Amino acid sequence: MDNLNATFPFNRSRRAFLAGSLAVTTIGFSLPGIAATRTVADPFIERLLKRMTIEEKAGQLTMNGAQGIGRLVNPDTGPEPGLQTTLNDIAQGRLTGLFNADDVKLGRAMQKIAVEKSRLGIPLIFAADIIHGLKTAFPVPLGEAASFDADLCARTARATAIEATAFGVQWTFAPAVDIARDQRWGRVVEGAGEDPWLGSRLAEARVRGFQGGDLRADDSLLACPKHFAGYGAVQGGMDYNTADIPETTLREVHLPPFKAAFDAGALSTMASFNDTGGVPSTGNRHLLTGILRGEWGFRGLVVSDFNSEKELIDHGYAADEADAVYKAVMAGCDMSIQGGLYLKHIPALVKSGRLKMAVVDEAVRRVLRVKKALGLFENPYRSLDPARLDTDIRRPDTVALAREAGRKAIVLLKNDRSLLPLPKSGKSIALIGPFVTDKNNALGPWMVFPDMKSAVTLEQGVREALGANANLAVAAGSGVERPLAGGIEAAVAAARGADVVVLYVGEAANMSGEGASRVDITIPKAQVDLIDAVAAVGKPMVILLKHGRALELPNSVRNAQAVVCTWFLGSESGNAIADVLFGDFAPQGRLPVSFPRRAGQQPFYYNHRVTGRPSLTEGPPVGARYREVSTSALYPFGHGLGYSTVTYGATEISQARVPKNGTLSIKARVTNTGTRKHHEVAQLYLRIKVADIVQPLRALKGIRHLELAAGESAEVEFALTARDLAYVHADTVTRTDAGVFEVVIAPDAAAGQPVPFVLTGA
Ligand code: NOJ
């Protein structure tokens, strides 16, 4: 295979819209122990740095959690006793900020102390985990990813930023951009799923949404793409576990969404808890300095993850606290959150000569630069205006957006004999399952400041949609993980008396998210017993799944007439589901994760490397396969039905041989063959046929959203250049080789007939 000499290093583009605040030239810097790159000095920051004591420097690198620190009972009479320690720390310049604070008035009072009482008046920064909305909950990120809609993700992130900044938050620890290929991992729910291309597009959209066009604006929320890096590859899907990731796979799969997020302007990142090949991320200089700063020219700050510098000791990677702090700072982890170890140990480490002041200065510079970029020095009270609590939280347009995002996140897996949509009148419906009237599991995991009361339940949504025509029987039938006394009997009776059964079953919110990995990615047995019993009644049955991951589905679900993924849809859950159930909105979501046939197939993802003995579907058992099940997905990545039917014509290419500077046009005709309007998400997949690293069977390279009226046909077109054909080579450099490729435009990752073309060396 010829090398085209066209290399595409990741660090090409510059974050243009930050030019005003961070327009500095990157220069090489070779002192040992100092970050590989440094920026040309900002005189304001340099002057400040010169005046800082080592304690104040360590303070700028130290953030504490705000939960449990006490309340400001009354700004005039003073704080609760516990809070006084924090206020003293602020006055002495021993804190850079707080995270997960829930009192904007207190935040403002703290800022006043920082600015007016501390020696240098350096403003605090307030961070929080605002993952999928603050008081208005949007779908969990994985659910929102099912929209395959970057514009939607940008809009929900913007709306989130408006609420969060009204609440006193200036920095969100989001988006999570970990690529997750093992559904046992609970944190699959926080990211965009298994595909790096989709993950990258949604990562950059979310960053743009959070930060807006001007980082200094009162409603701009600093983004923190996390967890850097390889966290999604924890072995066995067990949270916090070790990850063994070859450098090639790291660069091909796990790093691209981070790079996309930084190119979109994200100015912070969080080191992940896991180790990669034996080096915990918080102490991983190759990741935090070599790649991030050296290769990519990242000029933001790196924050540890909740005391992860201390965990270097637990890993057996550091001998004691001081050693852990030394290793984290040396690796390029600028700020410690939660444990206070930087404040405790940096001064002594510098005084003893082990840690060079220049290294600490560089970390402090990064923190101050970010604070400056956010406009905090000019306006320390930005995003600390209690008046905005009344105007910007749960605005009607934000709540409407939550409903839009909710319905766009819904994926229709199956709809035999067009059971859905249900008619709005004339049929009695049994609403069965533990989530039908439940608000607690509507929002989903990772809502730090939830407004549970505002969640719309399924029953509420259905009643609202049907009005006076509602003819409903409601039965919980079961608890989430435990049977309910008499539950199944009541549910069966409700099903017998109804024309249609809608069963709302799946996982509770706390079954996914941080620390919530599962061995069996199944619906809990108590609910499966319920589903089996209700299915035996023999009524047409719609299964609504609530889940934070792809699940193994029991037979009674597989055999139901209609099966719908509803993830955790947030505040407007019930309304969004009712919109789809009764056809006010036709489903258009697509799976961002592959549904396996059996849990034991994990890790399971469509874009796996091709084996030497491929056995993709049926056939004699000689290939890479299990004895029990086909290797194909039950529902593949990209799958999702609407209420109409659609066909794809053959994929056509503009030329069979493409010169290296040429552009290949790829087209297919997509036709709505049904009687309803249809929203199609056409997907372009690429295969590199021969390479010096075994390539994925298919890799997503583009998506197009199409609105087709009944009977309408449209041509969808994609263009690829040599740059789009680049891959990470064995030497870890990304470049394009001449050779044979295949492309296909298809409705999902398993469909369509790929077409070959050749990229010539000339
Ligand atoms: C630990 C989690 O891993 C991380 O995602 C989160 O941002 C921090 N805790 C702070 O709450």
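Residues numbered from 1 in each chain as written. Predicted model: local features only at pLDDT ≥ 70, side-chain atom pairs only at ≥ 80, totals over all residues. Heavy atoms only, no water.

Caption draft 1: Just the sheet that holds strand E15 (residues 429-432), in detail. With mixed pairing, six strands are arranged side by side in an open sheet as E14-E19-E18-E17-E15-E16. At either margin of the open sheet sits one strand with a lone partner, and together these are strand E14 (411-415) and strand E16 (472-475). Mean inter-strand twist for the sheet, computed between neighbouring axes without regard to direction, equals 15°. Of the pairings in the sheet, the one linking strand E17 (residues 500-506) to strand E18 (residues 541-546) comprises six bridges and is parallel in character. From the neighbouring strand, Tyr504 faces E18, where its bridge partner is Leu544. Running over the sheet, helix H20 (residues 525-537) touches E15, E17 and E18 and is turned about 170° from E17. (Pairing = 2+ DSSP bridges. Helix = DSSP H or I, 4+ residues; strand = E, 2+ residues; numbered from the N terminus. Axes fitted to C-alpha atoms, helices over the stretch in contact; angles between N-to-C directions. Contact = heavy atoms within 4.5 Å.)

Caption draft 2: Just empty space enclosed by the protein, in detail. In the structure shown here, the tally under the stated rule is 10 cavities of 30 Å³ or more. Computed from the structure, the largest cavity encloses a volume of approximately 130 Å³. For the largest cavity, the lining is made up of 18 residues, of which Ile131, His132, Glu144, Arg206 and Phe210 are closest to its centre. Counting only elements with at least two residues in the lining of the largest cavity, the list comes to helix H6 (141-145), helix H7 (150-166) and helix H8 (196-211). It is H7 that provides the largest number of residues to the lining of the largest cavity, a total of four residues. Of the residues belonging to the lining of the largest cavity, the class tally is 11 nonpolar, four polar and three charged. Space inside the second largest cavity adds up to approximately 110 Å³. (1 Å grid on protein atoms, 1.4 Å probe; cavity = no way out; pocket = protein on both sides within 12 Å on 5 of 7 lines; lining within 4 Å. Points joined across faces, edges and corners; volume = space filled by probe spheres on them. Nonpolar A, V, L, I, M, F, W, Y, C, P; charged D, E, K, R; others polar.)

Caption draft 3: Highlighting the nonpolar core. Within the largest apolar cluster, 89 residues are counted, with the highest numbers of intra-cluster contacts made by Met63, Trp171, Phe173, Phe228, Ile346 and Leu355. Sorting elements by how many residues they give to this core places helix H15 (residues 357-373) first, with eight residues. For Leu355, the residues in contact, after removing those within four places along its chain, are Tyr326, Val329, Met330, Ile346, Leu349, Val350 and Val360. The next biggest cluster of nonpolar side chains, apart from the first, holds 78 residues, and it includes Leu422, Val501, Met541 and Leu553. (Core = buried A, V, L, I, M, F, W, Y, C linked by side-chain atoms within 4.5 Å. Buried < 20%, exposed > 50% of the residue type's maximum accessible area, 1.4 Å probe, protein only.)

Caption draft 4: Just helix H22 (residues 573-581), in detail. Judged by how many residues are buried, H22 sits mostly within the fold: nine of nine residues are covered. Where H22 is buried, its residues meet helix H17 (396-409), helix H18 (458-466), E17 and E18. Gly583, located one to two residues past H22, shows a positive phi value of around 80°.

Caption draft 5: Molecular detail of the site of the ligand. Taken together, Phe99, Asn100, Asp129, Phe173, Arg187, Lys226, His227, Met270, Phe273, Asp305, Phe306 and Glu514 are the residues near the ligand. Asp129 is positioned with one of its side-chain polar atoms (N or O) 2.4 Å from an oxygen atom of the ligand. Here an oxygen atom of the ligand and a side-chain polar atom of Lys226 are 2.8 Å apart. Relative to its unbound accessible area of 300 Å², the ligand is 96% covered by the protein chains. The residue makeup of the shell around the ligand, split by class, is five nonpolar, two polar and five charged. (Near = heavy atom within 4 Å. Polar contact = N/O pair within 3.5 Å; in protein donor to acceptor, adjacent residues only side chain to side chain. Areas by Shrake-Rupley, 256 points an atom, 1.4 Å probe, with all protein chains shown as cover.)

Caption draft 6: Structural view of the state of the cysteines. Applying the stated criterion across every chain, the model contains zero disulfides. Free of any disulfide, Cys224 has its nearest cysteine sulfur in Cys333, 10 Å distant. Classification of Cys224 as buried rests on a relative accessible area of 0%. By relative accessible area, Cys333 is classed as buried at 0%. (Disulfide = S-S within 2.5 Å.)

Caption draft 7: Geometry of the pattern of salt bridges. What the rule picks out here adds up to 45 salt bridges. Notably, a salt bridge pairs Asp323 with Lys327, separated by 3.0 Å at the nearest N-O pair. With Asp323 and Lys327 both in helix H13 (residues 321-331) and four residues apart, the pair spans about one turn of that helix. With its nearest N and O atoms 3.4 Å apart, the salt bridge here joins Lys689 to Glu742. One end of the pair, Lys689, is in the loop between strand E24 (678-688) and strand E25 (699-708); the other, Glu742, is in strand E29 (residues 739-746), and 53 residues separate them in sequence. Each of Asp218, Arg388, Asp392, Arg395 and Asp397 takes part in a single network of salt bridges with overlapping partners. (Salt bridge = Lys/Arg side-chain N within 4 Å of Asp/Glu carboxyl O.)

Caption draft 8: Molecular detail of the sheet that holds strand E9 (residues 268-271). If you trace the three strands from one edge of the open sheet to the other, you get E8-E9-E12, paired in parallel fashion. Unpaired on one side and paired on the other, strand E8 (226-228) and strand E12 (301-303) mark the two borders of the sheet. On average, each strand axis in the sheet is tilted by 45° relative to the strand beside it, whichever way the strands run. As defined by bridge partners, E9 adjoins E12 across three bridges and the pair is classed as parallel. Following the sheet pairing, Thr269 is matched in E12 by Val302. On top of the sheet, helix H11 (residues 285-295) reaches E8, E9 and E12; it is set at about 155° to E12, its chief contact.

Caption draft 9: Just helix H5 (residues 104-117), in detail. With 14 residues, H5 ought to run about 20 Å at 1.5 Å a step, and its terminal C-alpha atoms sit 19 Å apart, in line with that. Of the residues making up H5, those classed as buried are Val104, Leu106, Gly107, Met110, Gln111, Ile113 and Ala114. Contact partners of the buried residues in H5: helix H4 (81-91), strand E5 (97-99), strand E6 (125-128), H7 and helix H16 (388-392). (Expected span 1.5 Å × (residues − 1).)

Caption draft 10: Quick peek at the environment of Leu484. With respect to the element layout, Leu484 can be found in the loop between E16 and helix H19 (487-496). Along the backbone, Leu484 and Gln527 are 43 residues apart, and their C-alpha atoms lie at a distance of 9.8 Å. Setting aside anything within four residues of it in sequence, one finds Leu484 in contact with Ala476, Gly477, Ser478 and Gly479.

Caption draft 11: Geometry of unusual backbone geometry. Along the chain, Phe228 connects to Ala229 via a cis peptide bond; the corresponding omega equals 0°. Residue position: Ala229 is located in the loop between E8 and helix H9 (247-254). Geometrically, the link from Gln602 to Pro603 is a cis peptide bond, its omega value of -5° lying close to zero. As for its placement among the helices and strands, Pro603 is situated in the loop between H22 and strand E20 (646-648). In this structure, Arg417 is a non-glycine residue whose phi angle is positive, near 50°. In this fold, Arg417 is placed in the loop between E14 and E15.

Caption draft 12: Spatial organisation of the confidence of the model for the protein chain. Taken residue by residue, the protein chain gives an average pLDDT of 93. The fraction at 70 or more is 93%. Low confidence marks residues 1-37, where pLDDT is under 50. Its contacts with residues over four positions away, or in another chain, come to 96 contacts. (pLDDT = per-residue confidence, 0-100.)

Caption draft 13: Focus on the pairing of strand E26 (residues 713-721). Side-chain alternation along E26 places Ala714, Val716, Phe718 and Leu720 on a buried face and Ser713, Glu715, Glu717, Ala719 and Thr721 on a face that remains uncovered. Both strand E23 (residues 663-672) and E26 contribute to a ladder of nine bridges, which runs antiparallel. Note that in E26 the partner of Val670 across the bridge is Ala714.

Caption draft 14: Local environment of the side chain of Asn415. Along the chain, Asn415 turns up in strand E14. A polar contact of 3.2 Å, which involves the side chain of Asn415, links it to the backbone nitrogen of Leu419.

Caption draft 15: View of the packing of aromatic side chains. Inspection of the entire model under this criterion finds 19 aromatic pairs. When the ring of Phe148 is compared with that of Phe637, the centres are 5.7 Å apart and the planes differ by 45°; the resulting orientation is tilted. Of this pair, Phe148 sits in the loop between H6 and H7 while Phe637 sits in the loop between H22 and E20, placing them 489 residues apart in sequence. For the pair Phe148 and Phe637, a shared accessibility class is recorded, and that class is buried. Arranged with centres 4.9 Å apart and planes meeting at 55°, the rings of Phe167 and Phe449 form a pair that is tilted. With Phe167 in the loop between H7 and strand E7 (171-172) and Phe449 in the loop between E15 and H18, the pair connects residues that are 282 residues apart, well separated along the chain. You can call Phe449 buried: its relative accessible area is 7%. In this structure an aromatic cluster arises from ring pairing among Phe228, Phe258, Phe262, Trp296 and Phe298. The aromatic ring of Tyr605 is capped on one face by Arg181, whose charged end is 3.9 Å from the ring centroid. Its guanidinium or amino end placed over the ring of Tyr326, Arg354 lies 4.0 Å from that ring's centre, counting from NZ or CZ. (Phe/Tyr/Trp six-rings, centres within 6.5 Å; stacked < 30°, edge-to-face > 60°. Lys NZ or Arg CZ within 6 Å of the ring centre and 35° of its normal.)

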